[in-house]
Amino acid sequence: MQEAGFDPSARPLTWDEFREAARITTENGAGQYYGFIIGGNQVNRWGDIVSAFARMAGASASDGWNSGYGVDYRTGEFNFTDDRYVAAIELLLAMKDDGKLLPGSMSMNVSGPL
């Protein structure tokens, strides 16, 4: 991140900045490292990332399978059609299209105990 010119410890990145940091990091890595890596073989990982991004953008929802994953406690309903969830999915798809996700992410999973 420093090499890309970003310091997320100074302040949170916007989604556009996150995408730009991933782009620069991937380009600087020249195939040796990438801007975003996820264990995509585990479906819950994608849900966790989408939910985390949506909550960071202000969506009201629980955060995890054991706490009513994705339920807005104010309404008791799942919140997955909230625009912020849709935007989070669109961000991940755009980063995939940009080529900023580690190739092979869909075959990665946790190799040890959870």
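In what follows, the structure referred to is the one given above.
What counts and how
Per-chain numbering applies: the sequence of each chain, read as written, is numbered from 1 onward. Per-residue local features are limited, in this predicted model, to residues with pLDDT of at least 70; the limit for side-chain atom pairs, both in listing and counting, is 80 or more; totals at the level of whole chains, interfaces and linings are taken over all residues. Based on all heavy atoms of the structure, the side-chain values leave hydrogens and waters out of the count. Grouping buried Ala, Val, Leu, Ile, Met, Phe, Trp, Tyr and Cys residues that are joined through side-chain atoms within 4.5 Å yields what is termed a nonpolar core. Type-normalised accessible area, obtained with a 1.4 Å probe on protein chains alone, sets the label of each residue: buried when under 20%, exposed when over 50%, and partly exposed for intermediate values. By definition, any uninterrupted DSSP run of H or I lasting at least four residues is a helix, any uninterrupted run of E lasting at least two residues is a strand, and each is numbered from the N terminus. We call two residues contacting when some pair of their heavy atoms lies within 4.5 Å. Here an axis means a line fitted to C-alpha atoms, over the contact stretch when the element is a helix, while the angle between two N-to-C directions is reported on a 0 to 180 degree scale. Roughly parallel means an angle under 35 degrees; roughly antiparallel means over 145; roughly perpendicular covers 65 to 115; every other angle is labelled oblique. By convention the crossing between two helices is left-handed if the near helix lies anticlockwise of the far one by an angle smaller than a right angle, and right-handed if it lies clockwise. Grid points spaced at 1 Å and placed over the protein atoms alone form the basis of the search, with a cavity being a set where a 1.4 Å probe fits but cannot get out and a pocket an open set showing protein on both sides within 12 Å along at least five of seven lines. Lining residues have an atom within 4 Å of a point. Grid points are joined across faces, edges and corners, and a volume is the space filled by probe spheres set on the points. Asp, Glu, Lys and Arg are counted as charged, while Ala, Val, Leu, Ile, Met, Phe, Trp, Tyr, Cys and Pro are counted as nonpolar; the rest, among them Gly, fall into the polar class. Multiplying 1.5 Å by the residue count of a helix minus one yields the expected span of that helix. Think of the arc as the fan of directions from the helix axis to the C-beta atoms. A side-chain nitrogen of Lys or Arg and a carboxyl oxygen of Asp or Glu constitute a salt bridge if their distance falls within 4 Å.

Peer 1: I'd love a proper account of the nonpolar core, names of residues and values included.
Peer 2: One finds F36, V50, F53, Y85, L92 and M95 to be the most contacted residues of the largest nonpolar core, which totals 14 residues. For this core, the elements supplying multiple residues, two or more each, are α2 (43-56) and α3 (83-98). Residue contributions to this core peak at five residues, all from α3. With near-sequence residues (within four places) excluded, V50 lies in contact with Y85, A88, I89 and L92. In this structure, A4, F6, A21 and I24 belong to the second largest nonpolar core, which totals five residues.

Peer 1: Quick rundown of the packing of helix α1 (residues 15-29) against α3? Include the residues and the values.
Peer 2: Relative orientation of the contacting elements α1 and α3 amounts to 20 degrees, with a least axis distance of 11 Å. Between α1 and α3, the angle falls in the class roughly parallel. Where α1 crosses over α3, the handedness of that crossing is right-handed. Across from W15, F18, R19 and A22 in α1, the residues of α3 making contact are R84, A87, A88, L91, A94, M95 and D98.

Peer 1: Outline the layout of surface pockets, listing residues and values.
Peer 2: Space inside the largest pocket adds up to approximately 240 Å³. Elements represented by at least two residues in the lining of the largest pocket include exactly α2 and α3. The element contributing the most residues to the lining of the largest pocket is α3, with four residues. Class assignment of the residues belonging to the lining of the largest pocket gives a composition of nine nonpolar, two polar and one charged. Of the pockets and cavities examined, the second largest pocket occupies roughly 190 Å³. Taken together, P12, L13, T14, W15, F18, F53, M56 and A57 form the lining of the second largest pocket.

Peer 1: Before we move on, could you go through α2 and cite the residues and values that matter?
Peer 2: For α2, with 14 residues, the first-to-last C-alpha span of 20 Å sits near the 20 Å given by 1.5 Å per residue. Within α2 the residues assigned to the buried category are V50, S51, F53 and A54. Taken down its axis, α2 places every buried residue within 165 degrees of arc, on the same side. Lining the buried residues of α2 we find α1 and α3.

Peer 1: Explain the pattern of salt bridges to me, and be specific about the residues and the numbers.
Peer 2: On inspection of all chains with the given rule, the structure shows five salt bridges. One salt bridge connects E17 with R11, and the closest N-O pair in it is separated by 2.7 Å. Classification of R11 as partly exposed rests on a relative accessible area of 44%. We note a salt bridge from R23 to E27, for which the minimum N-O separation is 2.8 Å. Taken as a pair, R23 and E27 lie in helix α1 at a separation of four residues, close to a single helical turn. Look at R23 and you get partly exposed, because its relative accessible area is 28%. For E27, a relative accessible area of 46% translates into the label partly exposed. What emerges from the salt-bridge pattern is a single network uniting E20, R23 and E27.

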